[in-house]
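Architecture and fold: a report
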Amino acid sequence: MEVFKEINALRQALNHSRSKSLKIGLVPTMGALHEGHASLINQSINETDITVCSLFVNPIQFNNPDDLNTYPRDLERDIDFLEKLGCHILFHPSTAEMYPQPSVVKFSFGSLEQSMEGAFREGHFGGVALVVSKLLNIVKPDKAYFGQKDLQQYIIIQKIVQDLNIDVDLVCAPIIREESGLAISSRNERLTQPQRDVAANLYKALQLGRELLMNNHDISSIKQEISHFLAQWPDICLEYFEVVSQSTLEKIDNTKSMDDVALCIAAYVGSVRLIDNIIYQK
Ligand SMILES: Nc1ncnc2c1ncn2[C@@H]1O[C@H](COP(=O)(O)OP(=O)(O)OP(=O)(O)O)[C@@H](O)[C@H]1O
Ligand SMILES: CC(C)(CO)[C@@H](O)C(=O)[O-]
Ligand code: BAL
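Residues numbered from 1 in each chain as written. Chains lettered and ligands numbered in written order. Predicted model: local features only at pLDDT ≥ 70, side-chain atom pairs only at ≥ 80, totals over all residues. Heavy atoms only, no water.

1. Some thoughts on the nonpolar core
The test is simple: Note on terminology: a nonpolar core comprises buried Ala, Val, Leu, Ile, Met, Phe, Trp, Tyr and Cys residues joined through side-chain atoms within 4.5 Å. We call a residue buried when its accessible area falls under 20% of the maximum for its residue type, exposed when it is over 50%, and partly exposed in between, using a 1.4 Å probe and counting protein chains only. A run of DSSP states H or I qualifies as a helix once it reaches four residues; a run of E qualifies as a strand once it reaches two. Both are numbered from the N-terminal end. Domains are outlined according to an automatic or database domain assignment. Contact definition: two residues touch when any of their heavy atoms are within 4.5 Å.
Leu10, Leu14, Val52, Phe91, Met98, Val139 and Leu170 are the most contacted members of the largest nonpolar core, which totals 45 residues. The leading source of residues in this core is helix 7 (residues 124-139), at 10 residues. Of the residues that make up this core, three or more belong to each of domain 1 (2-173) and domain 2 (186-276). Those residues in contact with Leu14 that lie beyond four places of it in its chain are Ile24, Ile50, Val52, Ile89 and Val139. Ranked by size, the runner-up nonpolar core spans 30 residues in total, among them Val198, Leu230, Trp233 and Phe241.

The structure is reproduced here in structure tokens:
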């Protein structure tokens, strides 16, 4: 695997691949790699000729300095992980390389960012949008892979790609879970084993929500049930549970009008903030 820290050197190598008509896949990450990332990287390896994994803990998407400071980092382990998967290129830029000066670009996603992650993490999607736009411009991939775990992020990236006519196919890959059902996440590394066990109840809450939807319970009573269910574990502090349209992320308040919906949850387990979701097809 080749490792690049500089944009120009990476561009040169990729221009060379492109001149040989090789298809390029991009998997953007913030490192602390796990099986969720592996599924994206494997899919890219299967569907393209050159897989570029970017590893950059993007400071401007963190609304909470403690979250940024405690974000798990282990470059050596990540390089080893990528080598074993057969990833071709790692792009691991410094903050100065990505942001030599403050950016003048500002994004505004209207209703897409007014709920859930956008509402609870002020400025988060502006930071995600800028770094992903930069990565797409730098790598110019044929395909770019993202996880359904960050569903709102995916919908926002789709919007950027449409609005800016970026020539890339986006892939939304399914959520990889631990046996307990807990969505695998880099931040899980910060949980103790008992907290990890407790965290699996976030997925159970989503399943309970789906079951209640199937039985035509109204949305406000489902929300009450979910918060009642999670209140059993004092380590869990629910931030939101929402039922939204899968494509527009608009909140749904009436089960009759719904098509494909996503049930989305965010909660603290101890001091670690986790998110998860499931899609419910009627
Ligand atoms: N369990 C998973 N299954 C599939 N894709 C995942 C999973 N976890 C993360 N991803 C995807 O991997 C990409 C990189 O995510 P990131 O590096 O932020 O990891 P993460 O585990 O989501 O970390 P955290 O949520 O703690 O920030 C994103 O597109 C994300 O949606
Ligand atoms: C897409 C991303 C790598 C941008 O920093 C990040 O938000 C993530 O890991 O999901
Ligand atoms: N996985 C989404 C990136 C973040 O939490 O900042």
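2. A look at the site of ligand 3
Our working rule: For this purpose, a residue is taken to be near a molecule or strand whenever a single non-hydrogen atom of the residue falls within 4 Å of it. Pairs of N or O atoms within 3.5 Å make up the polar contacts considered here, provided that, within protein, one atom can donate a hydrogen while the other can accept it, and that residues adjacent in sequence are counted only when both atoms are side-chain atoms. Here the accessible surface of atoms and residues is derived via Shrake-Rupley with a 1.4 Å probe, and residues count as covered only by protein chains that are part of the display. Only Asp, Glu, Lys and Arg are considered charged in this grouping, and only Ala, Val, Leu, Ile, Met, Phe, Trp, Tyr, Cys and Pro are considered nonpolar; every other residue, Gly among them, is considered polar.
Around ligand 3, the neighbouring residues are Met30, Gln61, Arg121, His124, Asp150 and Arg187. In this structure, an oxygen atom belonging to ligand 3 sits 2.9 Å away from a side-chain N or O atom of Gln61. In this structure, Asp150 approaches ligand 3 through a side-chain N or O atom, which is 3.2 Å from a nitrogen atom. Coverage of ligand 3 by the protein chains reaches 85% of its 220 Å² of free accessible surface. Of the residues in the shell around ligand 3, the class split is one nonpolar, two polar and three charged.

3. Quick look at the UniProt feature "active site" (unreviewed entry) in the protein chain
In plain terms, the rule: UniProt positions are given in the numbering used here, feature names are shortened, and annotations may be inferred rather than shown by experiment.
According to UniProt, the "active site" (unreviewed entry) feature falls on His37. Within the element layout of this structure, His37 appears in helix 2 (residues 35-47). The class for His37 is buried, based on a relative accessible area of 12%. Among residues more than four places away in sequence, those in contact with His37 are Thr29, Gly31, Ala32 and Ser186.

4. Quick notes on unusual backbone geometry
If you check the backbone angles, Ser21 has positive phi at about 60° while not being a glycine. Tracing the chain through its elements places Ser21 in the loop between helix 1 (7-19) and strand 2 (24-29). You will see that Leu249, though not glycine, has its phi angle at about 65°, which is positive. For Leu249, the position within the fold is in the loop between strand 7 (236-245) and strand 8 (260-269).

5. A look at the site of ligand 1
Near ligand 1 you find 20 residues, and of these His34, Asp150, Ile184, Ser186 and Arg187 are the closest. In the environment of ligand 1, an oxygen atom lies 2.9 Å from a nitrogen or oxygen atom belonging to the side chain of Tyr71. A distance of 2.9 Å separates an oxygen atom of ligand 1 from a polar side-chain atom of Ser185. Taken by itself ligand 1 offers 580 Å² of open surface, and the protein chains cover 95% of this. Those elements giving two or more residues to the shell around ligand 1 turn out to be strand 2, helix 2 and strand 5 (143-147). If you tally residues by element for the shell around ligand 1, the top one is helix 2, at three residues. Residues of the shell around ligand 1, tallied by class, amount to nine nonpolar, eight polar and three charged.

6. So, the UniProt feature "binding site: beta-alanine" (unreviewed entry) in the protein chain
According to UniProt, the "binding site: beta-alanine" (unreviewed entry) feature falls on Gln61. Inspection of the secondary structure assignment puts Gln61 in the loop between strand 3 (50-55) and helix 3 (65-70). Gln61 gets classed as buried once you look at its relative accessible area, which sits at 9%. Setting aside residues no more than four positions away along its own chain, Gln61 makes contact with Met30, Arg121, His124, Gly127, Val128 and Val131.

7. Some words on the packing of aromatic side chains
Rules: Pairing of aromatic side chains here covers Phe, Tyr and the six-membered ring of Trp, requires ring centres within 6.5 Å, and sorts the geometry by plane angle: under 30 degrees stacked, over 60 edge-to-face, intermediate tilted.
A complete count under the given rule lists five aromatic pairs for this structure. Note on Phe62 and Tyr71: the rings are 5.7 Å apart at their centroids and 75° apart in plane angle, and the pair reads as edge-to-face. Of the two residues examined, Phe62 and Tyr71, each falls in the buried class. Ring geometry for Phe120 and Tyr240: centres 5.4 Å apart, planes at 35°, overall tilted. Placement of the pair is Phe120 in helix 6 (residues 116-120) and Tyr240 in strand 7, with a sequence separation of 120 residues. Residue Phe120 is classed as partly exposed on the basis of its relative accessible area, which comes to 38%.

8. Side note on the domain arrangement of the protein chain
Quite often, the size of an interface is put as the accessible area lost when its parts meet. Convention followed: Buried area is a sum: the accessible area each of two parts loses on coming together, probed at 1.4 Å, counted once for each and added. In the sections that follow, a salt bridge refers to a side-chain nitrogen of Lys or Arg positioned within 4 Å of a carboxyl oxygen of Asp or Glu.
Domain boundaries in the protein chain define domain 1 (2-173) and domain 2 (186-276). Buried area between domain 1 and domain 2, both sides added, is near 1700 Å², and the carbon and sulfur share of it is 59%. The largest contributions to the domain 1 side of the interface with domain 2 come from Met116, Glu117 and Phe120, which together make up 31% of the buried area. Run the count over domain 1 and domain 2 and you get two salt bridges. Linking Glu117 and Arg273 is a salt bridge whose minimum nitrogen-to-oxygen distance equals 2.8 Å.

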